[in-house]
Amino acid sequence: SNLPLDKTLDVITEQAAPLLGSDANAIYRLDSQSNMLVIETSQGMPDDNLVTADIPPGKNALRKAIRERKPQTIEDVATARGSLTSEEKADEIPEYLGKQYRSLLAVPIVIRDKAFGGMVLYYREPRAFSEEDIALAMSFSDHVSLAIENARLLAAAEASAVVAERNRLA
């Protein structure tokens, strides 16, 4: 794409919602210095979620997806919360998640064997995720990886062209 990276990521999140039937989705970057999940772009997220965008709903599912490099699902927040201790509930599946979303699918974004972050698809109703749903979400994750890598390569090529022109003029 000739679009800037942020616009490309916006297009990806816009296309993911209708194809995967999500009510909202977001792409998060794992900040290597602070170890925080920082929002890159989102679609359909309520404004109060964007205020706390560095603490995404389902953050532990997303962190597990990034750590294990495989998709994570919560098919029904209420059922998942019921099987946890009170300490785990606060940490693993915070109460605010169940107020807005009942299920989620988190997929890692990996660039050149390095974790970049992840994409989370949120659903207002409980949902059983099929292998096809998970594969399609991973496909979107791959598109994000390619977009980020292409943007990096384009920036490197532009910098190289500037250096080459300076050398030519010198």
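Everything below is about the structure printed above this text.
Residues numbered from 1 in each chain as written. Predicted model: local features only at pLDDT ≥ 70, side-chain atom pairs only at ≥ 80, totals over all residues. Heavy atoms only, no water.

Novice: Explanation requested: the packing of aromatic side chains in the structure shown.
Specialist: The geometry of an aromatic ring pair comes down to the distance between the two centres and the angle between the two planes. Per the stated rule, a full pass over the model turns up 2 aromatic pairs. Their ring planes at 65 degrees and their centres at 5.4 Å tell us that Tyr123 and Phe129 sit as a pair that is edge-to-face. By relative accessible area, which is 3% here, Tyr123 ends up buried. Overall, Phe129 belongs to the buried group, its relative accessible area being 10%. (Phe/Tyr/Trp six-rings, centres within 6.5 Å; stacked < 30°, edge-to-face > 60°. Buried < 20%, exposed > 50% of the residue type's maximum accessible area, 1.4 Å probe, protein only.)

Novice: Is there a simple way to explain the sheet that holds strand β2 (residues 37–43) in this structure?
Specialist: Backbone-to-backbone hydrogen bonds pair the strands of a sheet. The strands run either parallel or antiparallel. Strand order in the open sheet formed by 5 strands is β2-β1-β5-β4-β3, and the pairing between neighbours is antiparallel. Of all strands in the sheet, those bounded by a partner on one side alone are β2 and β3 (72–74). Between one strand axis and the next, the sheet turns through 20 degrees on average, direction left out of account. When strand β1 (residues 24–30) meets strand β5 (residues 114–123), the two strands line up antiparallel, connected through 6 bridges. Within β5, the residue paired with Ile27 across the bridge is Met119. Relative to the sheet, helix α7 (residues 131–169) contacts β1, β3, β4 (103–111) and β5, its axis offset from that of β4 by approximately 35 degrees. (Pairing = 2+ DSSP bridges. Helix = DSSP H or I, 4+ residues; strand = E, 2+ residues; numbered from the N terminus. Axes fitted to C-alpha atoms, helices over the stretch in contact; angles between N-to-C directions. Contact = heavy atoms within 4.5 Å.)

Novice: Could you clarify how one ought to interpret the environment of Arg124 in this entry?
Specialist: Turning to its location among the elements, Arg124 is positioned in the loop between β5 and α7. Spatially, the C-alpha atoms of Arg124 and Tyr101 are 4.3 Å apart, while their sequence positions differ by 23 residues. For Arg124, the residues in contact, after removing those within four places along its chain, are Asp23, Gln100, Tyr101 and Arg102.

Novice: Would you mind going over the pattern of salt bridges with me for this structure?
Specialist: Working definition: two side chains of opposite charge can pair if their charged atoms are close together. This model, assessed by the stated rule, comprises 8 salt bridges. The partner of Arg29 in a salt bridge is Asp31, and the shortest N-O contact between them spans 3.5 Å. Owing to a relative accessible area of 27%, Arg29 belongs among the partly exposed residues under this scheme. One salt bridge connects Asp133 with Arg127, and the closest N-O pair in it is separated by 3.3 Å. Judged by its relative accessible area of 23%, Arg127 is partly exposed. Each member of the salt-bridge network shares a partner with another, and the members are Arg29, Asp31 and Glu40. (Salt bridge = Lys/Arg side-chain N within 4 Å of Asp/Glu carboxyl O.)

Novice: Any chance you could explain helix α1 (residues 5–20) here in plain terms?
Specialist: The α-helix advances 3.6 residues per turn, and as a result positions three or four apart in sequence lie on the same side. With 16 residues, α1 ought to run about 22 Å at 1.5 Å a step, and its terminal C-alpha atoms sit 22 Å apart, in line with that. Elements in contact with the buried residues of α1: β1, β2, β5 and α7. At the C-terminal side of α1, Gly21 shows a positive phi close to 70 degrees. (Expected span 1.5 Å × (residues − 1).)

Novice: Where do I start with unusual backbone geometry in this structure?
Specialist: The bulk of non-glycine residues show a negative phi, and the bulk of peptide bonds are trans. You will see that Asn35, though not glycine, has its phi angle at about 60 degrees, which is positive. Here Asn35 shows up in the loop between β1 and β2. The phi angle at Arg112 is positive, at roughly 50 degrees, despite the residue not being glycine. Mapped onto the elements of the fold, Arg112 is located in the loop between β4 and β5. By relative accessible area, which is 60% here, Arg112 ends up exposed.

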